[in-house]
Amino acid sequence: MLSERAGLFRPLGWSLFWLVPFFLLGPLAAFSQQKLETPQDTNDRIRQLASALRVKQGDYVIGGGDLVRIDVFDVPELSRDVRVGSSGYISLPLLPVRVRAVGLTAFQLEEKLAELLQANGLVSHPQVTVFLREQRSQPITVIGAVNRPMVYQAIRATSLLEVLTEAGGVANDAGSTVIVTRAGNPAAADPAEAADNKEDPAVAPMNITINLNDLLDSGDSKYNIPLLGGDFVSVPRAGVVYVVGAVDRPGGFVLANDREQMTTLKILALAGGLKGTAKPHQAVILRKNGDNGQRQELSVDLAKVLERKTEDVRLLPSDILFVPDSSGKKALRKTGEIAIALASGVALFRLGR
């Protein structure tokens, strides 16, 4: 009689064996409940936000090399076409100072010129009109983990989201940051121009780092920064770690960056845990060999890891954690071939907030 009862409770006991370790994990509960989205979801949000915020962009911002037409009403000697110097300045006859034009819209330059003409006693009530006659290319270079690395020609004020959209969105292995490298003030085209450019000394290039999740969750201008000609936009690659086989949600999980710590316990939590038919004692990690690119098999006893009888194992970008399934015929083939075949068709997930 007792043996029959023991037989009835044996399946329940086996299920509890796998549940108990997960209750003991504590902090990993956050990983299992973490918001997941596919790279397609991420790029859809990039396009939607870029489209929604494009209407908020201002007028074209004047850049170095642009040709502007300046008309001063009833003062033909001051009306002319003027090329903006590489240092960002323009000169007008009779004005004792050079005028900084780069970074201003046509309307802002009109106001600035009118103020200077009046302040220097040249025109009592100046009426100034400025319009762009010729726009020099202002390239913004987009590189790294984007679907279409490119050089984007900025013809107006352009935001980070717009440029990422033009580049086809982020790639599957994109990390969670975007880096904008911005050069300092360019050197003057000639010595005279350099001598007059005293109020704007050369500035060293700077890097602006934007968190992709902050950018997509808010669309705030604090993160969706305006880009300038000459900017380099780089999306670093972070890599993908895969878990396939007898887990509830097999897939590839994009790391936030190349320094993020991903372990077997974390990825099992993200994958929803093991199936009842899993053979955790026979799990393997397939890892690329840096020398020849071939994958090597590293055995890992997930049962002992779950029971805290051995240390958790860190996973590296491109690793494949394979958990065999006792119910299938996969044992008839090589473990590595199975894992690679399964990983090639799984869904990819990005970790949100």
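Note that the structure is a prediction, hence the values are computed from the model and not measured.

Chemist: Account for the overall build of the protein, naming residues and giving values.
Modeler: For the protein, the helix and strand inventory stands at 10 helices and 21 strands. Taken over 353 residues, the protein has a buried fraction of 42%. Residue pairs at least 24 apart in sequence account for 65% of intrachain contacts in the protein once pairs closer than 6 positions are excluded. Only carbon and sulfur atoms are counted for the fraction: they give 54% of the accessible area of the protein, which is about 18700 Å².

Chemist: Quick one: what's the story with the pairing of strand β14 (residues 240–245), residue by residue and with numbers?
Modeler: Within a regular strand, side chains alternate between the sheet's two faces. Counting buried residues along β14, 6 of its 6 residues qualify, which places the element largely inside the surrounding structure. Burial along β14 is two-sided: the face carrying V240, Y242 and V244 and the face carrying V241, V243 and G245 are both buried. Relative to strand β15 (residues 251–254), β14 runs antiparallel, the two being bridged by 4 bridges. Paired with V241 across the strands is F253, a residue of β15.

Chemist: Describe helix α4 (residues 106–119), with residues and values.
Modeler: Across its 14 residues, α4 extends 20 Å between first and last C-alpha, which sits within 8% of the 20 Å expected from 1.5 Å per residue. Within α4, the full set of buried residues consists of L109, E110, L113, A114, L116 and L117. In a view along the axis of α4, the buried residues occupy a sector of 165 degrees, so they form one face of it. Turned more than 90 degrees away from the buried face of α4 sit F107, E115 and A119, all of them exposed. Buried residues in α4 make contact with β2 (67–72), β4 (89–90), β5 (99–100) and β6 (128–134). Downstream of α4 by one or two residues, G121 has phi in the positive range, about 70 degrees.

Chemist: Go over the packing of aromatic side chains with me, naming the residues and quoting the values.
Modeler: Using the criterion set out here, one finds 1 aromatic pair in the structure. Look at F253 and F349: their rings are 5.5 Å apart centre to centre, the planes differ by 25 degrees, and that puts the pair in the stacked class. Highlighted residues: F253 in strand β15 and F349 in strand β21 (residues 348–351), separated in sequence by 96 residues.

Chemist: Lay out the nonpolar core in plain terms, naming residues and giving numbers.
Modeler: Of all hydrophobic cores here, the largest spans 27 residues; its most connected members are L160, L164, L227, V233 and V235. Mapped onto this core, the elements with two or more residues apiece are α3 (39–54), β7 (139–144), α5 (160–166), β10 (177–182), α7 (212–218) and β13 (232–235). In terms of residues, this core owes the most to one element, α5, which gives 4 residues. Dropping the residues within four chain positions of it, V233 is found in contact with I140, T141, V142, I143, L160, L164, V178, I179, V180 and L227. Judged by nonpolar contacts, the second largest core, of 26 residues, contains V243, V247, I267 and A283.

Chemist: Account for the sheet that holds β2, with residues named and values stated.
Modeler: Here 3 strands make up an open sheet; going across it, the order is β3-β2-β6 and the pairing antiparallel. Looking at the sheet topology across the chains shown, the edges are occupied by β3 (80–83) and β6. Mean inter-strand twist for the sheet, computed between neighbouring axes without regard to direction, equals 30 degrees. Relative to β3, β2 runs antiparallel, the two sharing 4 bridges. Looking at β3, one finds that I70 is bridged to R80. The sheet contacts of α4 involve β2 and β6, and relative to β6 the element is tilted by about 135 degrees.

Chemist: An account of the environment of S234 is needed here, citing residue identities and associated values.
Modeler: Mapped onto the elements, S234 comes out in strand β13. Remark: the alpha-carbon pair of S234 and P149, spanning 85 residues in sequence, is separated by 9.4 Å. Filtering out sequence-adjacent residues up to four positions away, S234 remains in contact with I143, V178 and I179.

Chemist: Can you tell me about the pairing of β13, naming the residues and giving the values?
Modeler: Of the two faces of β13, only one is covered, namely that formed by V233 and V235; the face formed by F232 and S234 stays uncovered. Alignment of β10 against β13, held across 3 bridges, turns out to be antiparallel. Across the sheet, residue I179 finds its bridge partner in β13, namely S234.

Chemist: Pulling in residues and values, what's your account of the environment of A145?
Modeler: Tracing the backbone shows A145 in the loop between β7 and β8 (150–153). Here A145 falls in the buried class, since its relative accessible area comes to 0%. Separated by 29 residues in the primary sequence, A145 and A174 place their C-alpha atoms 5.0 Å from one another. Beyond its immediate stretch of four places on either side in the chain, A145 contacts V170, A171, D173, A174, V235, P236 and R237.

Chemist: Describe the sheet that holds β13, and please don't skip the residues or the numbers.
Modeler: An order of β8-β7-β13-β10-β11 is seen for the 5 strands of this open sheet, with the pairing classed as mixed. Whereas interior strands pair on both sides, the edge strands pair on one side only; in this sheet they are β8 and β11 (206–211). Looking at each pair of strands side by side, their axes are set apart by 20 degrees on average, direction ignored. Bridge analysis of β10 against β11 gives 6 bridges, and the strand direction is antiparallel. Within β11, the residue paired with I179 across the bridge is T209.

Chemist: Describe in detail the pattern of salt bridges, supporting the description with residues and values.
Modeler: Close approach of charged atoms allows side chains of opposite charge to pair. In this structure the tally under the stated criterion is 10 salt bridges. For R83, the salt bridge identified is with E134, shortest N-O distance 3.1 Å. One end of the pair, R83, is in strand β3; the other, E134, is in strand β6, with 51 residues separating them in the sequence. What emerges from the salt-bridge pattern is a single network uniting R69, D71, D81 and R133.

Analysis parameters
- Residues numbered from 1 in each chain as written.
- Predicted model: local features only at pLDDT ≥ 70, side-chain atom pairs only at ≥ 80, totals over all residues.
- Heavy atoms only, no water.
- Helix = DSSP H or I, 4+ residues; strand = E, 2+ residues; numbered from the N terminus.
- Buried < 20%, exposed > 50% of the residue type's maximum accessible area, 1.4 Å probe, protein only.
- Contact = heavy atoms within 4.5 Å.
- Areas by Shrake-Rupley, 256 points an atom, 1.4 Å probe, with all protein chains shown as cover.
- Pairing = 2+ DSSP bridges.
- Expected span 1.5 Å × (residues − 1).
- Arc of directions from axis to C-beta.
- Phe/Tyr/Trp six-rings, centres within 6.5 Å; stacked < 30°, edge-to-face > 60°.
- Core = buried A, V, L, I, M, F, W, Y, C linked by side-chain atoms within 4.5 Å.
- Axes fitted to C-alpha atoms, helices over the stretch in contact; angles between N-to-C directions.
- Salt bridge = Lys/Arg side-chain N within 4 Å of Asp/Glu carboxyl O.

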